[in-house]
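Chain by chain, the residues:
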Amino acid sequence: MRGVARLAVHPLRQLGRCCSNACIMLKLGGSVITKKREPMTANLKAIKRLAREIATASVEQLIIVHGGGSFGHPLAKQYKIIEGYRDPAQIEGFSKTHQAMLELNKLVVNTLISHNIPAFSVSPSSCVVTKAGRIQTLYDGALTRLLATGFVPVLFGDAVLDSDKGFAVLSGDQLIAALAIMFKAEKIIMGVDVNGLYPADPTTNAQLDLLPHITLKDLKILLNNIEEAKVTDVTGGMLGKISELIPAISAGIKTFIVNASKEDTVYKALEGKKVVGTIIEKE
Ligand code: IPE
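Our subject in this report is the structure included herewith. Computed from a predicted structure; not experimentally measured.

Reading the values: the criteria
Each residue is numbered by its place in its chain's sequence as written, counting from 1. Where totals are concerned, whole chains, interfaces and linings use all residues; where local detail is concerned, this predicted model gives features only for residues with pLDDT of at least 70, and gives and counts side-chain atom pairs only at 80 or more. For side-chain calculations, the full set of non-hydrogen atoms in the structure is used, while hydrogens and water are omitted. Secondary structure elements follow DSSP: runs of H or I no shorter than four residues count as helices, runs of E no shorter than two count as strands, and numbering proceeds from the N terminus. Here the term buried applies to any residue with accessible area under 20% of the maximum for its type, exposed to any over 50%, and partly exposed to those in between, with areas from a 1.4 Å probe on protein chains only. Two residues qualify as a contact provided that any one of their heavy atoms is within 4.5 Å of a heavy atom in the partner residue. Only strands that DSSP links by at least two bridges are regarded as paired with each other. For every element, the axis is a line fit to its C-alpha atoms; helices are fit only across the contacting stretch, and the angle between N-to-C directions ranges from 0 to 180 degrees. Think of a salt bridge as a Lys or Arg side-chain nitrogen and an Asp or Glu carboxyl oxygen that are within 4 Å of each other. For a helix, the expected span equals 1.5 Å multiplied by the number of residues minus one. Only heavy atoms are used to decide nearness, and a residue is near a molecule or strand if one of them lies within 4 Å of it. Every accessible area reported is derived by Shrake-Rupley at a probe size of 1.4 Å, with residue values counting cover from the shown protein chains alone. Think of it as three bins: nonpolar holds Ala, Val, Leu, Ile, Met, Phe, Trp, Tyr, Cys and Pro, charged holds Asp, Glu, Lys and Arg, and polar takes everything else, Gly as well. Geometric relationships in this document are graded by angle, where less than 35 degrees denotes roughly parallel, more than 145 denotes roughly antiparallel, 65 to 115 denotes roughly perpendicular, and other angles denote oblique. Should the near helix be turned counterclockwise from the far one by less than a right angle, the crossing is left-handed, whereas a clockwise turn marks it as right-handed.

Overview of the overall build of the protein
- Each helix and strand in the protein was counted, giving 13 helices and twelve strands.
- Out of the 283 residues in the protein, the part that is buried amounts to 49%.
- Counting only contacts in the protein whose residues sit at least 6 apart along the sequence, the fraction spanning at least 24 positions is 77%.

Written out as C-alpha cells, the structure is:
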C-alpha cells in the first residue's frame, strides 16, 4: 500500500475536490507516446518525461486522454473496425484493438502513478456508445466522482460499441472535446508531435510560419481550403484531427496545440505559461 500512501499527499489530490470549472483536458497524442513505425512499441522515454512534467505542474483538476499510435491504429485498420461490424472475423479484431489500447493505457497509468500522480484508468468502451461513429451516450457518473475524489482520470481512443454499425473507432480527439464540454473545461491542451498549425503543409514548404493564434472562423477556412485542394494529410493529418475539437471551441473552450515531443512544452502549457504552439479560440 506504499503507493497509495504516496498518492495521498500529492498536491493534485489535495486540490482536486473543488470546482469543475478549473478542469484542464490534456491529450497525449499517439505519435508522441508510441513509436509510430514500430507496432506495439511505446516511447517510454517520452511517457516518463511527460509524467514528470505533469507531476511538477500545479493543476487543480486534470483529465488525460491518450491516443493509440502504433498500438491501436494498425489493429483497427487491419480489422476494419471503423467500417463497423460486417463480418464475424472482426470480433477478434475488436477485442484485440481494445486490448492493445489497454496495454498502452496500463503503461501510461503506471508511469503516472510512479510519479505520484493519482491516475485512474477509465475505458471509453465501458462508458461510451457511439451512433455512426459519433458519441451518442457518455456516462459521466464515475468520471464526476473520480474528479471530485481527486483522481486524474486517464482515458484513451478506443474500439467502442456503436448503435448503428455495431462497432466503431472513437478517437481520443472526439472524446476529449465531448469531455471538455461535459466538464466545462478551462482549456484543452493537445500534445502532438508538431509545433502547431500551419497554413499549409510545412513539410513541403519550409518557409511557412506557424499560426500562433487563430479563431474558429480561421480554422473552418483552413479546413475548407484543404477539402478544396483535396489534400488529405496537411500538417500530418493534424487539421482533420483538430476539426474534432470544433464543438468544444464553439462552446468557448480555449484549445492549445503544442508539441508534446519537446521537453517542458506540456509543463508550460499546463501552468499557463507562454509556449510555442497554436491557440484556437471561439473568436
Ligand atoms: C485512436 O485514437 C484509437 C484507436 C485506434 C483504437 P486517436 O486517434 O486519438 O490516436 P492518435 O493520437 O491519433 O494516435
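Some points on the sheet that holds strand β7 (residues 158-162)
- On the basis of which strands lie adjacent, the open sheet formed by four strands has the order β5-β4-β7-β8 and mixed pairing. Strand pairing shows two members of the sheet lacking a second neighbour, β5 (134-138) and β8 (166-170), which therefore form its edges. Taken over all neighbouring pairs, the strand axes of this sheet differ in orientation by 45° on average, direction set aside.
- The pairing of β7 with β8 spans five bridges and is antiparallel. Paired with Ala159 across the two strands is Val169, which belongs to β8.

As for the pairing of strand β6 (residues 152-156)
- Burial of β6 is extensive: five of the five residues sit out of reach of the surface.
- Burial of β6 is two-sided: the residues Val152, Val154 and Phe156 facing one way and the residues Pro153 and Leu155 facing the other way are all buried.
- The sheet contact formed by strand β2 (residues 61-66) and β6 spans three bridges and is parallel. By the bridge assignment for β6, Val65 is matched with Leu155.
- Both strand β3 (residues 119-121) and β6 contribute to a ladder of three bridges, which runs parallel. The residue of β6 that forms the bridge with Ser121 is Val154.

A look at the environment of Glu60
- With respect to the helices and strands, the residue Glu60 is situated in the loop between α4 (44-56) and β2.
- The sequence separation of Glu60 and Gly150 amounts to 90 residues, and the corresponding C-alpha distance is 8.9 Å.

Things to note about the sheet that holds strand β9 (residues 187-192)
- The eight strands lie next to each other as β3-β6-β2-β1-β9-β11-β12-β10, forming an open sheet whose pairing is mixed. What marks the edges here is a single partner per strand, and that holds for β3 and β10 (213-215). Recorded for the sheet is a direction-independent mean angle of 20° between the axes of neighbouring strands.
- Its contacts with the sheet put helix α6 (residues 89-114) on β2, β3 and β6, and the angle it makes with β6 is roughly 155°.
- Running over the sheet, helix α9 (residues 172-182) touches β1 (23-28), β2, β6 and β9 and is turned about 180° from β1.

Here we look at the pattern of salt bridges
- One pass over the structure, following the stated rule, counts eight salt bridges.
- Put simply, Lys36 and Asp193 hold a salt bridge, and the shortest N to O gap is 3.4 Å. Of this pair, Lys36 sits in the loop between α3 (30-33) and α4 while Asp193 sits in the loop between β9 and β10, and the two are 157 residues apart along the sequence.
- For Arg49, the salt bridge is made with Glu53, and the minimal N-O distance between the two is 2.8 Å. A residue pair is termed a helical-turn pair when its members lie 3 or 4 positions apart in one helix, as Arg49 and Glu53 do in helix α4 at four residues. The burial state of Arg49 is the same as that of Glu53; both residues are buried.
- Counted as one network, the salt bridges with shared partners bring together Lys27, Asp173 and Lys241.

Section: α6
- If you check α6, its first and last C-alpha atoms are 39 Å apart, about what 26 residues at 1.5 Å a residue would give, namely 38 Å.
- Looking at the residues trailing α6, positive phi occurs at Asn116, about 65°.

Remarks on the site of the ligand
- What surrounds the ligand is a group of 17 residues, the closest being Gly30, Gly68, Gly69, Gly172 and Lys241.
- Protein burial of the ligand: of its 400 Å² of free accessible surface, 93% is covered by the chains.
- Every element with two or more residues in the shell around the ligand is listed here: α5 (69-78), α6 and α9.
- Counting residues per element, the shell around the ligand draws most heavily on α5, which supplies three residues.
- Class assignment for the residues of the shell around the ligand results in two nonpolar, eleven polar and four charged.

Let's talk about the packing of α4 against α6
- α6 packs onto α4 with a crossing angle of 40° between their chain directions and a minimal axis gap of 9 Å. One element, α4, and the other, α6, form an angle in the oblique class. Here α4 runs over α6; the crossing is right-handed. Side by side, α4 and α6 meet where Leu44, Ile47, Lys48, Ala51 and Ile54 of the first sit next to Leu107, Val108, Thr111 and Leu112 of the second.
- When grouped by side-chain class, the residues that make up the contact of α4 with α6 number seven nonpolar, one polar and one charged.

Function cannot be inferred from these measures alone, as they are strictly geometric.
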